[in-house]
Amino acid sequence: MCKTTTTPRARRLAAAAVALGSCLALAGPAASVGAAPADPVPTVFFGDSYTANFGIAPFHEDGDRTFCFRAKENYPAVATRRLAEKSITLDVQADVSCGGALIHHFWNEQELLAGSGLKVPAQQEALKADTQLVVGGLGGNSLGFNRILKQCSATLRDHALLPGTPVDADEPAAKCAEFFASGDGKEWLDGRFEQVEYELEELLDRIGYFSPDAKRVLVGYPRLVPADTAKCRTAAPGQTELPFADIPQDALPFLDGVQKRLDDVMEKAVANAEGGADFVDLYDHTGSNTACDGADRGIGGLLENSQLAEGQIPWYTHPNTKGRDIQAEQVTAKIETILNQ
């Protein structure tokens, strides 16, 4: 378990984290062809906490957007710098990524703290007629990955910092894999996937409407659970909690299956996008950097302390700096390929 926050600033940030979603993407680098664009490319980044890189400090403290916890060195910032080193200049019109964002917050405003009145505009408002590149990822929060985690963990059910409730609190956490395999649990999960697929198609259509000349890049999520789940029985170096805390060992393949299914749904939405779009498939390129890969982990464990609030807010399975660099590397490669065509 993480320590209780003790300072006023830490308590304020911890309370804000209740509103943050944690959810759960990358085609391998392709050879560059053609010439890099001569002029800066007007670009908008969008997304949830995996684009904002929740957990990495320092983060932007900018009015209401402070509680988006967008890292100053999130992967869009790192990728932009790496592209500049390759003589590709992005004119970043906006980075509106925000922790806790659902897909529909692309077209609806997002409330950051329940009942607080703190809101940020719909992410699509950043799009301009001259925007030429739109990059980011949404989907994990809309799927309800937090609720799935709480269904599978008795500890997380009582963990106030992680938002959401279990899908069915009357069902024991120890039987979560069985719960989602049939009956109400399966029906709920299938329904969430259908909604995610529909809303991702809507998102891509909206980008095409507001920025008709923009290249659209949907970025998926890095892999959380390794193929060899036995590795998850050992705490990472310097940690006392297991990477997935008290989630049952037999539930880990189920969680991995949920994430792979989300990856497939995102890729399908891109394939069906009218006018074309691109997908960064992080899942297929991060199998050696999961939360259970020890010193090589690119994902912070569920209850491993992040860099926020004096190290007293957990990562909740978000990318650490190593994972952020992997995101940036793969996104850089995809953008370079697209713009050099």
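The structure contained in this document is the topic of the report that follows. The model shown is predicted, which means the values in this text are computed figures rather than measured ones. (Residues numbered from 1 in each chain as written. Predicted model: local features only at pLDDT ≥ 70, side-chain atom pairs only at ≥ 80, totals over all residues. Heavy atoms only, no water.)

## Concerning the packing of aromatic side chains
Defined as follows: A pair of aromatic rings is counted whenever rings of Phe, Tyr or Trp (Trp by its six-membered ring) have centres within 6.5 Å, and the orientation is called stacked for planes under 30 degrees apart, edge-to-face for over 60 and tilted otherwise. A helix here means a DSSP run of H or I that spans at least four residues, while a strand means a run of E at least two residues long, and both kinds are numbered starting from the N terminus. The buried label goes to any residue with under 20% of its type's maximum accessible area, the exposed label to any with over 50%, and the partly exposed label to all in between, with areas taken from a 1.4 Å probe on protein chains only.
Tallied over the full model, the rule gives nine aromatic pairs. Pairing Phe180 with Phe254 gives two aromatic rings, centres 5.0 Å apart and planes at 15 degrees, and the pair type is stacked. One end of the pair, Phe180, is in helix α7 (residues 176-181); the other, Phe254, is in helix α9 (residues 252-271), and 74 residues separate them in sequence. By relative accessible area, Phe254 is classed as buried at 17%.

## Some details on the sheet that holds strand β5 (residues 133-137)
Short version of the rule: Pairing between strands requires that DSSP locate at least two bridges from one strand to the other. Fitting a line to C-alpha atoms yields each axis, with helices limited to the stretch in contact; the angle taken between N-to-C directions then spans 0 to 180 degrees. The contact rule is simple, with two residues in contact once any of their heavy atoms fall within 4.5 Å.
If you trace the five strands from one edge of the open sheet to the other, you get β2-β1-β5-β6-β7, paired in parallel fashion. This sheet does not close on itself; its edge strands, each paired only once, are β2 (90-95) and β7 (278-280). For this sheet, the mean angle separating the axes of adjacent strands, direction not counted, is 25 degrees. Note: β5 against strand β6 (residues 215-219), four bridges, orientation parallel. Paired with Gly136 across the bridge in β6 is Leu218. Helix α3 (residues 75-85) rests against β1 (41-47), β2, β5 and β6 of the sheet, and its axis sits at about 170 degrees to β2. Lying over the sheet, helix α8 (residues 183-210) contacts β1, β5 and β6, oriented at roughly 150 degrees with respect to β6.

## Regarding the pattern of salt bridges
For clarity, the cut-off: Note on definitions: salt bridges are taken to be side-chain nitrogens of Lys or Arg within 4 Å of carboxyl oxygens of Asp or Glu.
Evaluation of the coordinates by the stated rule reveals 13 salt bridges. Of the charged contacts, one joins Arg261 and Asp190 as a salt bridge, the two residues approaching to 3.0 Å between their closest N and O atoms. Taken together, the positions of Arg261 in helix α9 and Asp190 in helix α8 put the pair 71 residues apart, joining distant regions of the chain. Residue class for Arg261 comes out partly exposed when judged on its relative accessible area of 34%. Residue Glu202 pairs with Arg206 through a salt bridge whose shortest N-O separation is 2.8 Å. Linking Glu202 with Arg206, this pair stays in helix α8, spanning four residues, or about one helical turn. What makes Arg206 partly exposed here is its relative accessible area of 23%. Each of Lys186, Asp190 and Arg261 takes part in salt bridges that share partners, so that together they form one network.

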